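So you can see what is in the structure, the chains are spelled out below.
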Amino acid sequence: MLGLLKLIPDSLKLPLAGGLGLILGAGLMFYPAKWIGAADERKDAQIQAASEALERIQNLEKNNANFRNLPARERCLVFMRDSGLPESECD
């Protein structure tokens, strides 16, 4: 291994080491970045589902007197079930 390093000119060792470090660093950062991106996509999907559920709930409040007269916790449960969010947030 050391014999191979002696064959490489000194003027190329630093750029080669930098290039190798860049490739290794990019490879090591790929999976954490992919994981973070997947978490962001899940969060965006939850936000979209909650937004759509809120719109449906607002329509229910406008058009359905029975729903409008429910206690706040019951309306919250309907919202959470409709959006796929945990019902425990209504407590």
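Parameters and conventions
Residues numbered from 1 in each chain as written. Predicted model: local features only at pLDDT ≥ 70, side-chain atom pairs only at ≥ 80, totals over all residues. Heavy atoms only, no water. Core = buried A, V, L, I, M, F, W, Y, C linked by side-chain atoms within 4.5 Å. Buried < 20%, exposed > 50% of the residue type's maximum accessible area, 1.4 Å probe, protein only. Contact = heavy atoms within 4.5 Å. Salt bridge = Lys/Arg side-chain N within 4 Å of Asp/Glu carboxyl O. Helix = DSSP H or I, 4+ residues; strand = E, 2+ residues; numbered from the N terminus. Disulfide = S-S within 2.5 Å.

Would you mind going over the nonpolar core with me for this structure?
The nonpolar side chains of a soluble globular protein tend to be buried, and buried together. Of all hydrophobic cores here, the largest spans eight residues; its members are Ala 50, Ala 53, Ile 57, Phe 67, Leu 77, Phe 79, Met 80 and Cys 90. Not counting the four nearest positions on each side in its chain, Ala 50 is found in contact with Phe 79, Ser 83 and Leu 85.

Quick question: what am I supposed to make of the pattern of salt bridges here?
A pair can form between side chains of opposite charge whenever their charged atoms are brought close. Enumeration according to the criterion identifies two salt bridges in this entry. Glu 61 serves as the salt-bridge partner of Arg 75, at 3.9 Å between the closest nitrogen and oxygen. Pair noted here: Arg 75 is in helix H4 (residues 72-83) and Glu 61 is in helix H2 (residues 10-63), with a separation of 14 residues, a long-range link. Here Glu 61 falls in the partly exposed class, since its relative accessible area comes to 28%. Arg 81 is the partner of Glu 87 in a salt bridge, and the nearest nitrogen-oxygen pair spans 2.8 Å. Classification of Glu 87 by relative accessible area gives partly exposed; the value is 37%.

Would you mind showing me how to read the state of the cysteines here?
One way to say it: the disulfide is the covalent bond shared by the sulfur atoms of two cysteines. All chains considered together, the criterion is met by one disulfide. One disulfide in the model links Cys 76 with Cys 90; its S-S distance is 2.0 Å. Here Cys 76 and Cys 90 share a disulfide; its torsion about the S-S bond, -85 degrees, makes the bridge left-handed. In this pair, Cys 76 sits in helix H4 while Cys 90 sits in the segment after H4, placing the two residues 14 residues apart along the sequence.

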